[in-house]
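# Observations on chain architecture
Below, each chain spelled out in residue letters.
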Amino acid sequence: MNEQIAYIIDIQDIDLNIKKIEDAEAKNIYEINESAVSLKNQSEKLEELKKELSELQKKVNLCELNIESYNEKILKYTEAQKQIKTNKEYNAMQKSVKDNEALKSAEEEEIIKTMTVQEEIKSAIKKTEEDIRLLSDIVLNKKAEVESDKIKYFDIKKNLADKRKEIEKILKAEFLNVYEAIKNNNKFPAVISVNDNRACTGCFRILPPQQFNELLSGEIFMQCPICSRILYYKQDMPEIINDKTDKKEKKDKTKASKKARVKA
Ligand SMILES: [Zn+2]
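Thresholds, definitions, all that
- Residues numbered from 1 in each chain as written.
- Predicted model: local features only at pLDDT ≥ 70, side-chain atom pairs only at ≥ 80, totals over all residues.
- Helix = DSSP H or I, 4+ residues; strand = E, 2+ residues; numbered from the N terminus.
- Buried ≥ 20, exposed ≤ 12 C-beta atoms within 10 Å, placed from the backbone.
- Contact = placed C-beta atoms within 7 Å.
- Core = buried A, V, L, I, M, F, W, Y, C linked by C-beta atoms within 7 Å.
- Pairing = 2+ DSSP bridges.
- Axes fitted to C-alpha atoms, helices over the stretch in contact; angles between N-to-C directions.
- Parallel < 35°, antiparallel > 145°, perpendicular 65-115°, else oblique.
- Left-handed = near helix turned anticlockwise from the far one by under 90°.
- Nonpolar A, V, L, I, M, F, W, Y, C, P; charged D, E, K, R; others polar.

### Remarks on the overall build of the protein chain
Regarding its fold elements, the protein chain presents 5 helices and 3 strands. Its helices and strands in sequence order give the protein chain the pattern α-α-α-β-α-β-β-α, from N to C terminus. Burial status across the protein chain gives 17% buried among its 264 residues. At a minimum sequence separation of 6, the contacts of the protein chain that also span at least 24 residues come to 72%.

This is how it looks when you write it as structure tokens:
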């Protein structure tokens, strides 16, 4: 493998690291949005529950009013009974008292049933309020995290971009263009190893022996005949000799710095 391929691999490592950072940033934003949607749903649910509770309270109030009115009637009929002379009239009054008592009991039962539902709704409200509190915390913490990461990631990305520019200066433009074209064609990684079975590890196509031998010679710039990725033989990696980018790499704590470059 030649030095130029090693430079492309370095550029690719930088791009992979930048992509990793961008993916992490996108993931955080996605999670914030997801939590914000849940928060909105829970808030709507809370409003619904409160509305329902208030409707039920209106129902209880109405039942109480009805009970009051039945009580008045019961009292009225009971009083009237005292003035009555005939059994027939007495029985008729007695029936009215009983009818009103039955209506009153029905209202009382309704109140008990309604209050049971109210208790359930109150628990649901409590649970929803707790969920809202937790979700709000998540959103707030995540936003703070994203803000602090933004500064940190900005520096790392700048560092990587600077390093990339340095390598671009020593990499032939035609090779860089090929790399960019493959990458922009969504074939990333665009530079990929061929294994001992002569297979491109991007598409797993086996290279013909002659082509594989050419690759082993390290003299040529080769692309996979199937997926177009730039190929290198994996055992060809390493050993460092080179220039200013190496010194820079040592300072860089990212993964890209660990990638060594080959002998020319
Ligand atoms: Zn391939």
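Moving on from the coordinates now.
### So, the environment of Leu135
Note that Leu135 resides in helix 2 (residues 87-170). Between the C-alpha atom of Leu135 and that of Val37, which follows or precedes it by 98 residues, the distance is 9.8 Å. Filtering out sequence-adjacent residues up to four positions away, Leu135 remains in contact with Ser35, Ser38, Leu39 and Gln42.

### Considerations on the nonpolar core
With 24 residues, the main nonpolar core has Ile8, Ile11, Tyr179, Val191, Ile230 and Leu231 as its most contacted residues. Contributing elements (two or more residues each) for this core: helix 1 (3-83), helix 2, helix 3 (173-184), strand 1 (191-194) and strand 3 (230-233). Looking at which element gives the most residues to this core, the answer is helix 1, with 7 residues. Not counting the four nearest positions on each side in its chain, Val191 is found in contact with Ile8, Ile9, Gln12, Tyr179, Arg229, Ile230 and Tyr232.

### A look at the sheet that holds strand 2 (residues 222-223)
If you walk across this open sheet you meet the 3 strands as 1-3-2, and the pairing is mixed. Because the sheet does not close on itself, it has two edges, and the strands there are strand 1 and strand 2. Pairing between strand 1 and strand 3: 4 bridges, direction parallel. Its bridge partner being in strand 3, Ile192 is matched across the sheet by Leu231. Sheet strands in contact with helix 4 (residues 209-217) are strand 1, strand 2 and strand 3, and its direction is about 75° off that of strand 3.

### Thoughts on unusual backbone geometry
With an omega of 5°, the peptide bond running from Phe188 to Pro189 counts as cis. Relative to the assigned elements, Pro189 resides in the loop between helix 3 and strand 1. Of note in this structure, Arg198 is not a glycine but carries a positive phi near 65°. Turning to its location among the elements, Arg198 is positioned in the loop between strand 1 and helix 4. In this structure Arg198 comes out as partly exposed when scored by C-beta crowding, with 17 C-beta atoms within 10 Å. Positive phi values are uncommon outside glycine, yet Phe204 reaches one of about 65°. With respect to the helices and strands, Phe204 occurs in the loop between strand 1 and helix 4.

### Topic: the packing of helix 1 against helix 2
Each pair of packed helices can be summarised by the angle the axes make with each other and by the distance between the axes. Where helix 1 contacts helix 2, the axes come no closer than 4 Å and their chain directions differ by 165°. Relative to helix 2, the element helix 1 lies roughly antiparallel. For the element pair helix 1 and helix 2, the recorded crossing hand is left-handed. Its residues placed into classes, the contact of helix 1 with helix 2 shows 40 nonpolar, 17 polar and 23 charged.

### Some points on the pairing of strand 3
Neither face of strand 3 is exposed, since Ile230 and Tyr232 on one face and Leu231 and Tyr233 on the opposite face are all buried. Examined bridge by bridge, strand 2 and strand 3 share 2 bridges and lie antiparallel to one another. Bridging from a neighbouring strand, Gln223 pairs with Ile230 of strand 3. As consecutive antiparallel partners, strand 2 and strand 3 are separated by 6 residues, and within that stretch Ser228 has a phi angle of approximately 70°, a positive value.

### Here's the deal with the environment of Ile84
Within the secondary structure layout, Ile84 lies in the loop between helix 1 and helix 2. By the C-beta count within 10 Å, which is 15 here, Ile84 ends up partly exposed.

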